[in-house]
Amino acid sequence: MTLRREQKKLLEQVPEVGNWTKLRKKQVSVKDLAALTASTGHEFAVFTGKSSKILIHGTSKSWHIPHDAWEVIKSNQYEWTAHSHPTMTKITVSPEDRETLKLFTWQEKSTIIDLKGNTKEFTASTQDWINEILGVVDYDKREKSNKYSWPDTD
Ligand SMILES: [Zn+2]
């Protein structure tokens, strides 16, 4: 897969596994993660702060937040916007993904994007995970209906 010129520039800033960089907000989108993943076969993660974003280059199976990046993320409460998986069938939320999200006590949800650009939101809740596995609740639909419903009043 060919990267657009701007996406090539992004990759030049984080060429190796474990590299990270701080960018202006407009410089990287969630869709860019899909393109970078389609091109390299690696996972990428993006975090959003008030005026900037952080991009991390992971491996084909995982990624972790370098210590110095975590210092910036934690002290400025950057949100973990998304990370990519090098897959194109069903997006599977890994236990590590949920564990990582628990570190972000200031946010509830994050998004996974696959190399084709399909996305899936997830939470750190173990119950959501179990329900999803059992097919008890259609997770995405339930999220939507809660968002727009009013509290019951008599
Ligand atoms: Zn993941």
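Residues numbered from 1 in each chain as written. Predicted model: local features only at pLDDT ≥ 70, side-chain atom pairs only at ≥ 80, totals over all residues.

**Student:** Honestly, the overall build of the protein chain in this entry has me stumped. Any pointers?
**Tutor:** Broken down by element type, the protein chain carries six helices and six strands. What you see in the protein chain, going N to C, is helices and strands ordered as α-β-α-β-β-α-β-α-β-β-α-α. Burial statistics for the protein chain: of 154 residues in total, 27% are counted as buried. Once local pairs closer than 6 in sequence are excluded, the contacts in the protein chain between residues at least 24 apart make up 63%. (Helix = DSSP H or I, 4+ residues; strand = E, 2+ residues; numbered from the N terminus. Buried ≥ 20, exposed ≤ 12 C-beta atoms within 10 Å, placed from the backbone. Contact = placed C-beta atoms within 7 Å.)

**Student:** How do you make sense of the sheet that holds strand β2 (residues 44–48) when you look at a structure like this?
**Tutor:** Strand pairs in the sheet, formed through backbone hydrogen bonds, run parallel or antiparallel to each other. With mixed pairing, six strands are arranged side by side in an open sheet as β1-β3-β2-β4-β5-β6. The sheet is open, and its two borders are formed by β1 (20–24) and β6 (119–123), each paired with just one other strand. Adjacent strand axes in the sheet meet at a mean angle of 25° when their direction is disregarded. Where β1 lies against strand β3 (residues 52–57), five bridges are found, and the strand directions are antiparallel. Residue pairing in the sheet places threonine 21 in a bridge with leucine 55 of β3. (Pairing = 2+ DSSP bridges. Axes fitted to C-alpha atoms, helices over the stretch in contact; angles between N-to-C directions.)

**Student:** In this structure, what is going on with the nonpolar core? I would like to understand it.
**Tutor:** Most often, soluble globular proteins have nonpolar side chains that are buried together. Grouped together as the largest cluster of nonpolar side chains are 27 residues, with contacts concentrated most on Leu33, Phe44, Val46, Phe47, Ile54, Leu55 and Ile56. Listed by contribution, the elements that provide at least two residues to this core are α2 (30–40), β2, β3, α3 (67–75), β4 (79–85) and β5 (109–114). With sequence-adjacent residues up to four places away left out, isoleucine 54 is seen in contact with Trp20, Lys22, Val46, Phe47, Ala69, Val72, Ile73 and Tyr78. (Core = buried A, V, L, I, M, F, W, Y, C linked by C-beta atoms within 7 Å.)

**Student:** Where do I start with the pairing of β4 in this structure?
**Tutor:** Side-chain direction in a regular strand flips from residue to residue, so the side chains alternate between the two faces of the sheet. With six of seven residues buried, β4 lies mostly within the body of the structure. The pairing of β2 with β4 spans four bridges and is classified as antiparallel. Its bridge partner lying in β4, phenylalanine 47 is registered against tryptophan 80. Regarding topology, helix α4 (residues 95–103) serves as the crossover connection from β4 to the parallel β5, and that connection is right-handed. (Right-handed = clockwise from strand over helix to strand, strands pointing away.)

**Student:** Would you take a moment to explain the packing of helix α1 (residues 5–13) against α2 for this structure?
**Tutor:** For any two helices packed against each other, one specifies the inter-axial angle together with the distance between the axes. Between α1 and α2, the shortest axis-to-axis distance is 10 Å and the interhelical angle comes to 75°. Comparing their axes, α2 and α1 come out roughly perpendicular. Of α2, the residues touching α1 (which contributes Gln7, Leu10 and Leu11) are Asp32, Ala35 and Leu36. Of the residues belonging to the contact of α1 with α2, the class tally is four nonpolar, one polar and one charged. (Parallel < 35°, antiparallel > 145°, perpendicular 65-115°, else oblique. Nonpolar A, V, L, I, M, F, W, Y, C, P; charged D, E, K, R; others polar.)

**Student:** Any chance you could explain unusual backbone geometry here in plain terms?
**Tutor:** Where the residue is not glycine, phi is negative for most of them; where a peptide bond is considered, it is trans in most cases. The backbone of glutamine 77 sits at a positive phi, close to 45°, despite the residue not being glycine. Looking at the secondary structure, you find glutamine 77 in the loop between α3 and β4.

**Student:** Help me understand the environment of asparagine 118, please; the structure alone is not making it clear to me.
**Tutor:** Secondary-structure assignment places asparagine 118 in the loop between β5 and β6. In this structure, the C-alpha to C-alpha distance between asparagine 118 and lysine 90, residues 28 residues apart in sequence, is 9.1 Å. In contact with asparagine 118, not counting residues within four places along its chain, are Ile91 and Ile113.

**Student:** How do you make sense of the confidence of the model for the protein chain when you look at a structure like this?
**Tutor:** Atomic detail in the predicted coordinates should be set aside for any region of low pLDDT. Looking at the protein chain, pLDDT values average 88 and 88% of them are 70 or higher. Taken as a whole, residues 142–149 scores under 50 in pLDDT and shows two contacts with residues more than four places along the chain or in a different chain. (pLDDT = per-residue confidence, 0-100.)

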